[in-house]
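Residue-level structure breakdown
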Amino acid sequence: MYRVLIQTGSIECDEYTHTDYGIELYDEEQFVAFVPYENLLAVVDETTKSAEDRAIL
């Protein structure tokens, strides 16, 4: 599970793919949203247990 942080909040998704202009978010293989890189603040892996292991993608 990933949490995508954007300027107006966050979106949860199961997976994502990078494109030329942003990322496409998918939940159970269904398209959820497209987030342009200009609006993307961070992608956080929610399955990571500790703060030391987390990284902004």
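Scope of this entry: the structure provided in the associated data block. What you see is a predicted model; the values in this text were computed from it and never measured.

Reading guide: rules and limits
Position numbers for residues start from 1 in each chain and track the written sequence from start to end. Only residues with pLDDT of 70 or above have their local features reported here, since the model is predicted, and side-chain atom pairs are shown and tallied only from 80 upward, although totals for entire chains, interfaces and linings are computed over all residues. Side-chain numbers come from the whole structure's heavy atoms, not from hydrogens or water. The way it works is that DSSP assigns letters per residue, a run of H or I at least four long becomes a helix, a run of E at least two long becomes a strand, and they are numbered from the N terminus. Only protein chains enter the calculation, and the probe is 1.4 Å; a residue is then buried if its accessible area is under 20% of its type maximum, exposed if over 50%, and partly exposed in between. Two residues qualify as a contact provided that any one of their heavy atoms is within 4.5 Å of a heavy atom in the partner residue. Per-residue accessibility takes into account occlusion by the displayed protein chains alone, with areas from the Shrake-Rupley method and a 1.4 Å probe. In these notes, a set of buried Ala, Val, Leu, Ile, Met, Phe, Trp, Tyr and Cys residues joined through side-chain atoms within 4.5 Å is what counts as a nonpolar core. Two strands qualify as a pair provided DSSP detects at least 2 bridges between them. What makes a salt bridge here is a side-chain nitrogen of Lys or Arg within 4 Å of a carboxyl oxygen of Asp or Glu, nothing more. Here an angle of 0 to 180 degrees is reported between the N-to-C directions of two axes, which are lines fitted to C-alpha atoms, with helices fitted over the stretch in contact.

**Structural notes on the overall build of the protein**
Scanning the protein for helices and strands turns up 0 helices and 6 strands. Put simply, the protein runs from its N terminus to its C terminus through helices and strands in the order β-β-β-β-β-β. Looking at the protein residue by residue over its 57 residues, the buried ones come to 28%. For the protein, restricting intrachain contacts to residue pairs at least 6 apart in sequence, the fraction spanning at least 24 positions comes to 30%. Of the accessible surface of the protein, which amounts to about 4100 Å², a share of 47% is contributed by carbon and sulfur atoms.

**Focus on the nonpolar core**
One finds Val4, Ile6, Ile11, Cys13, Tyr16, Ile23, Leu25, Ala33, Val35, Leu40 and Val43 forming the largest nonpolar core, which totals 11 residues. Not counting residues within four places of it along the chain, the set of residues in contact with Leu40 comprises Val4, Leu5, Ile23 and Val35.

**Re the pairing of strand S4 (residues 22–27)**
Note that strand S3 (residues 15–18) and S4 share 4 bridges and pair antiparallel. The residue of S4 that forms the bridge with His18 is Ile23. In this antiparallel pair of consecutive strands, S3 and S4, the connection spans 3 residues. Hairpin connection, S4 to strand S5 (residues 30–36): the antiparallel pair is bridged by 2 residues, and Glu28 has positive phi, about 50°.

**Some thoughts on the pattern of salt bridges**
Throughout the structure, instances matching the rule amount to 1 salt bridge. With its nearest N and O atoms 2.7 Å apart, the salt bridge here joins Arg3 to Glu12. Residue classification places Glu12 among the partly exposed positions, given a relative accessible area of 41%.

**Notes on the sheet that holds strand S1 (residues 2–6)**
Strand order in the open sheet formed by 3 strands is S2-S1-S6, with antiparallel pairing between adjacent strands. Each edge of the sheet is formed by a strand with only one pairing partner; in this case those strands are strand S2 (9–13) and strand S6 (40–45). Recorded for the sheet is a direction-independent mean angle of 20° between the axes of neighbouring strands. Across 5 bridges, S1 lies against S2 in antiparallel orientation. Looking at S2, one finds that Ile6 is bridged to Gly9.

By themselves, these figures tell us nothing about what the structure is for.
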